[in-house]
Amino acid sequence: MLDDFACDKFGRKDLKYQQWRWQAHDCDLPRFDARALLEKLRGKRLVFVGDSLNRNQWVSLVCLVESSIPPGLKSKSTHFNGSLFTFNAIEYNASIDFYWAPFLVESNCDDPFHHHVQYRTVRIEAIKNHARRWIDADELIFDSYIWWLEEKIKISWGLSEKSNETFDVQMVTRYEMGLKTWADWLEIHVNCTKTKLFFVSLSPAHLRGEEWGMDANQNCYNETEPILKEGYSGTLSNPKMMQVVEETIDELEGRGMKVHILNITQLSEYRKDGHPSIYRKQWVNLTEKQLSNPRSYSDCGHWCLPGVPDV
């Protein structure tokens, strides 16, 4: 468990958020079976690639399978190597990994622990240095969305950090360009008969209380119930960005590359109650002003674990 998601550890008392399940229309989802998953992964490597929301998903899956592995000194291990986080189920010769690449393509935010830079620069056509770390995976699960929403992002066409010339590009266009680089790499380097490909849809944030009938300055802080209005969608879930993902994947399919979309967006839209809020490790010292207003430092983007990512 990473301290970003360990809400119980950092003082959250209401646990109802852990008890909801997702019931899709006309579909009865089976209960998760960790042993069955590990058997499917026997001798294989599954890799989550993306930002901290995919890391949130990785921790969720590792926690779900870890408890099913019989006790033993060499049954499991976890280690970090730069941007690569690895969980080994040694008994199954299987690994479940996470690789930090918030834009999928290369950027000045690629350090998994020190990525809060003043101005983000994305090398829009560079992906090779990342991809060599997950090219041998049997299952690849990508995500990339929230980092592209930042206003002050510079685009570089160079393939290295020494490229000096940068440009301003509109948000949806730069996202489209980044996903094109990703898609072109997949088409050239991935054998779809060996590797299964997935893309996780955007994970919504809950920052605007007026969208669910609260005051304008309310966010996920102190929220303990889901939104129960069917079809609810917040304004932070950009439909144009989601359309870029769908069009990119449709185009890949037309070129013979099958990518499955894992659509988590709608089920997550309802869950304003599932975020860490203030119940997580704070990596910088909070000011007196922040401490007097907990909403100001509430994390309304990631998810408590156990919680929504397990669903």
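What comes next is a walk through the structure.

Procedures and definitions
- Residues numbered from 1 in each chain as written.
- Predicted model: local features only at pLDDT ≥ 70, side-chain atom pairs only at ≥ 80, totals over all residues.
- Heavy atoms only, no water.
- Helix = DSSP H or I, 4+ residues; strand = E, 2+ residues; numbered from the N terminus.
- Expected span 1.5 Å × (residues − 1).
- Buried < 20%, exposed > 50% of the residue type's maximum accessible area, 1.4 Å probe, protein only.
- Contact = heavy atoms within 4.5 Å.
- Patch = residues over 30% accessible without salt bridge, like charges linked within 9 Å, V, L, I, M, F, W, Y side chains within 5 Å.
- Areas by Shrake-Rupley, 256 points an atom, 1.4 Å probe, with all protein chains shown as cover.
- Salt bridge = Lys/Arg side-chain N within 4 Å of Asp/Glu carboxyl O.
- Lys, Arg positive; Asp, Glu negative; His and termini not counted.
- Charge placed at Lys NZ, Arg CZ, Asp CG, Glu CD.
- Polar contact = N/O pair within 3.5 Å; in protein donor to acceptor, adjacent residues only side chain to side chain.
- Core = buried A, V, L, I, M, F, W, Y, C linked by side-chain atoms within 4.5 Å.
- Disulfide = S-S within 2.5 Å.
- Phe/Tyr/Trp six-rings, centres within 6.5 Å; stacked < 30°, edge-to-face > 60°.
- 1 Å grid on protein atoms, 1.4 Å probe; cavity = no way out; pocket = protein on both sides within 12 Å on 5 of 7 lines; lining within 4 Å.
- Points joined across faces, edges and corners; volume = space filled by probe spheres on them.
- Nonpolar A, V, L, I, M, F, W, Y, C, P; charged D, E, K, R; others polar.
- Pairing = 2+ DSSP bridges.

### A closer look at helix H4 (residues 171-189)
Then, number 1: Along its 19 residues, H4 runs 27 Å from first to last C-alpha, staying within 8% of the 27 Å computed at 1.5 Å per residue.
Then, number 2: Listed as buried for H4 are Val172, Arg174, Tyr175, Gly178, Leu179, Thr181, Trp182, Ala183, Trp185 and Leu186.
Then, number 3: Packed against the buried residues of H4 are helix H3 (128-131), strand E7 (139-142), strand E8 (153-156), strand E10 (196-200), helix H5 (239-254) and strand E11 (259-262).

### Details of a negative patch on the surface
Then, number 1: Together, Glu176, Glu246, Glu247 and Asp250 line one region of the surface with negative charge.
Then, number 2: When residues of the negative patch are assigned to their parent elements, the largest contribution, three residues, is made by H5.
Then, number 3: Along the polypeptide, glutamate 176 turns up in helix H4.
Then, number 4: Judged by its relative accessible area of 41%, glutamate 176 is partly exposed.

### Regarding the side chain of histidine 275
Then, number 1: With respect to the helices and strands, histidine 275 occurs in the loop between helix H6 (265-269) and helix H7 (288-291).
Then, number 2: Classification of histidine 275 by relative accessible area gives buried; the value is 2%.
Then, number 3: Among the polar contacts made by the side chain of histidine 275, one reaches the main-chain carbonyl oxygen of histidine 302 at a distance of 2.6 Å.
Then, number 4: If we skip the residues at most four places from it in the chain, histidine 275 touches Arg12, Pro204, Ala205, His206, Cys220, Asp299, Cys300, Gly301, His302, Trp303 and Cys304.

### Notes on the nonpolar core
Then, number 1: By size, the foremost hydrophobic cluster in this structure holds 66 residues, and its most contacted members are Ile96, Trp134, Phe142, Trp182 and Phe199.
Then, number 2: Residue contributions to this core peak at seven residues, all from H4.
Then, number 3: If near-sequence neighbours (up to four positions away) are discounted, phenylalanine 142 is found in contact with Val49, Asn54, Leu104, Trp134, Trp182, Leu186, Leu197, Phe198, Phe199 and Val200.

### Section: the state of the cysteines
Then, number 1: If you walk through the whole model with that rule in mind, you get two disulfides.
Then, number 2: Note that cysteine 7 is cross-linked by a disulfide to cysteine 304, the S-S spacing being 2.0 Å. Disulfide cysteine 7-cysteine 304: torsion about the S-S bond near -95°, hence left-handed. You can see cysteine 7 sitting in the segment before helix H1 (34-40) and its partner cysteine 304 sitting in the segment after H7, a full 297 residues away along the chain.
Then, number 3: By relative accessible area, cysteine 7 is classed as buried at 0%.
Then, number 4: Among the residues examined, cysteine 304 registers a relative accessible area of 0% and is labelled buried.
Then, number 5: Two residues share a disulfide in this structure: cysteine 220 and cysteine 300, whose sulfurs sit 2.1 Å from each other.

### Side note on the environment of proline 71
Then, number 1: Structurally, proline 71 can be placed in the loop between helix H2 (52-66) and strand E2 (76-81).
Then, number 2: Accessibility expressed as a relative area gives 82% for proline 71, which makes it exposed.
Then, number 3: Here the alpha-carbon distance between proline 71 and tryptophan 58, two residues 13 residues apart in the chain, equals 21 Å.

### Remarks on the packing of aromatic side chains
Then, number 1: Enumeration over the complete set of coordinates arrives at 14 aromatic pairs.
Then, number 2: Ring geometry for phenylalanine 85 and phenylalanine 98: centres 5.5 Å apart, planes at 70°, overall edge-to-face. On the criterion of sequence distance, the pair formed by phenylalanine 85 in strand E3 (residues 84-89) and phenylalanine 98 in strand E4 (residues 94-100) is long-range, its members being 13 residues apart.
Then, number 3: Measuring from centroid to centroid gives 5.4 Å for tryptophan 182 and phenylalanine 199, while their planes differ by 70°, and the two rings are edge-to-face.

### Focus: the layout of surface pockets
Then, number 1: As a volume, the largest pocket reaches approximately 1700 Å³.
Then, number 2: The leading source of residues in the lining of the largest pocket is H2, at seven residues.
Then, number 3: Here the lining of the largest pocket is composed, by residue class, of 25 nonpolar, eleven polar and eight charged.
Then, number 4: By volume, the second largest pocket amounts to about 1300 Å³.
Then, number 5: Along the walls of the second largest pocket sit 38 residues, with Ser52, His116, Arg280, Asp299 and His302 positioned nearest its centre.
Then, number 6: For the lining of the second largest pocket, the leading source of residues is H2, giving three residues.

### Re the sheet that holds strand E9 (residues 167-168)
Then, number 1: Spatially, the four strands line up as an open sheet ordered E5-E6-E8-E9, and their pairing is mixed. Because the sheet does not close on itself, it has two edges, and the strands there are strand E5 (106-107) and E9.
Then, number 2: Strand direction decides the pairing type here: strand E6 (residues 120-123) and E8, joined by four bridges, are parallel. Opposite arginine 123, over in E8, you have serine 156 as the bridge partner.

### Quick notes on the pattern of salt bridges
Then, number 1: Following the criterion strictly, the structure yields 18 salt bridges and no others.
Then, number 2: Note that lysine 16 and glutamate 225 form a salt bridge whose closest N and O atoms lie 2.8 Å from each other. Remark: glutamate 225 occurs in the loop between E10 and H5 and lysine 16 occurs in the segment before H1; sequence separation between them is 209 residues.
Then, number 3: Overall, the relative accessible area of 33% leaves glutamate 225 in the partly exposed class.
Then, number 4: For glutamate 251, the salt bridge goes to arginine 255, with nearest N and O atoms at 3.5 Å.

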